[in-house]
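What follows is each chain in one-letter form.
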Amino acid sequence: MRLVSYRANAAWRAGIVVGECVADLERAGRANGWKLPATVRELLETDKNLSAAKRVEKQLMHAARKPRWLMHVSDLELGPPIPDPQKIIALGFNYRSHADEQTAFFRKPIEPPKTPVIFAKYASALVGPRAAIVLPPQDLTKEVDYEVELVAVIGRAARGVSEADALKYVAGYMVMNDVSARDCQFGDRQWTRAKSFDTFAPCGPWLVTPDGIKEWPLRLWTKLNGETVQGSTTGDMIFSAAHVIAYLSRGMTLVPGDLIATGTPAGVGKFRIPERMLRDGDVVACGVEGIGELVNEVRSER
Ligand code: ZN
């Protein structure tokens, strides 16, 4: 099942993707005799709702006559699938290839970390899969960079879970571009500001539930103006999503809707020779196999 958040008036509402169309979750539930919530995060909060939504999806997929209230996905403004997570937790240095490119760049060995390198992004940076990435004024940063990442979305409260059980707490997966201001990241001594400027977290295009992903590992890529600049697979991760969830949940309660961004592979603009930072007019496409692609235009703040 694929879930979106789409804009209706001033609010983000949950939708189920049915082929090229989207069914409003609450409305589709009502039509099928289920009381379903209006937002994706509320949907994740109970297992009962999630299984009801799956049944509704199945009925819509197989309906001989599609209801008139189905909306075409291209007519909708899609937002971040979870617009209001309590936490966005991200990983640094989680691909072997990304550690290797930094060894080459800094000309000194950058050892892969022994434990996950955790940092935070703020939810105010979230935007949808087609939104613009807005470059902040030049006196704040001149080095805005892209990072394709697989995101695991937490579906059940997790505290002290084992690595073997950890994926049972994942409601689904999506793509994020962990946009980063490199000069702030290295100049600030810590990363929160560099990772949290407005529009620095495009994500989506939808949340895909685990049953929707056929085979691991997944390929992931970034194309900058059509040219492939990042290309790897989730098999190159140093710490798996399951390991990271277990690690975090030992000391921190994870709640439904929390996002775990699992790090980026080699090929980011900062470590390219010559370096290639995002510029006004660029188009960045970040994708993960079996999930989809974010396509975001870059523009300067006006
Ligand atoms: Zn990242």
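The structure we're discussing is the one just above.
In short, a report on the structure.

The rules behind the values
Residues numbered from 1 in each chain as written. Predicted model: local features only at pLDDT ≥ 70, side-chain atom pairs only at ≥ 80, totals over all residues. Heavy atoms only, no water. Helix = DSSP H or I, 4+ residues; strand = E, 2+ residues; numbered from the N terminus. Rg over C-alpha atoms; globule rule 2.2 N^0.38 Å. Buried < 20%, exposed > 50% of the residue type's maximum accessible area, 1.4 Å probe, protein only. Contact = heavy atoms within 4.5 Å. Lys, Arg positive; Asp, Glu negative; His and termini not counted. Salt bridge = Lys/Arg side-chain N within 4 Å of Asp/Glu carboxyl O. Phe/Tyr/Trp six-rings, centres within 6.5 Å; stacked < 30°, edge-to-face > 60°. Lys NZ or Arg CZ within 6 Å of the ring centre and 35° of its normal.

### Observations regarding the overall build of the protein chain
Helix and strand counts for the protein chain stand at 7 helices and 18 strands. In terms of C-alpha radius of gyration, the protein chain reaches 19 Å, essentially the compact-globule figure of 19 Å for 302 residues. Taking the principal axes of the C-alpha coordinates as reference, the protein chain spans close to 60 × 45 × 30 Å. Counting all 302 residues of the protein chain, 55% fall into the buried class. Within the protein chain, counting contacts between residues at least 6 apart in sequence, those at least 24 apart form 76% of the total.

### Focus on the side chain of E101
Considering the arrangement of structural elements, one finds E101 in helix α4 (residues 96–106). Within the buried core, E101 has no salt-bridge partner, and the shortest N-O distance to an opposite charge, that of R272, equals 6.4 Å.

### Focus on the packing of aromatic side chains
Two aromatic rings are characterised by how far apart their centres lie and by the angle between their planes. One pass over the structure, following the stated rule, counts 8 aromatic pairs. Here the aromatic rings of F106 and F271 are separated by 5.8 Å at their centres, their planes lie at 65°, and the arrangement is edge-to-face. In this pair, F106 sits in helix α4 while F271 sits in the loop between β16 (259–261) and β17 (283–288), placing the two residues 165 residues apart along the sequence. Its relative accessible area of 8% is what places F271 among the buried residues. The rings of F105, F106, F186 and F271 are connected pair by pair, giving a single aromatic cluster. Over the ring of Y169 we find R156; its NZ or CZ atom is 4.6 Å from the centre of that ring.

As far as function goes, none of this settles anything; it's purely spatial.
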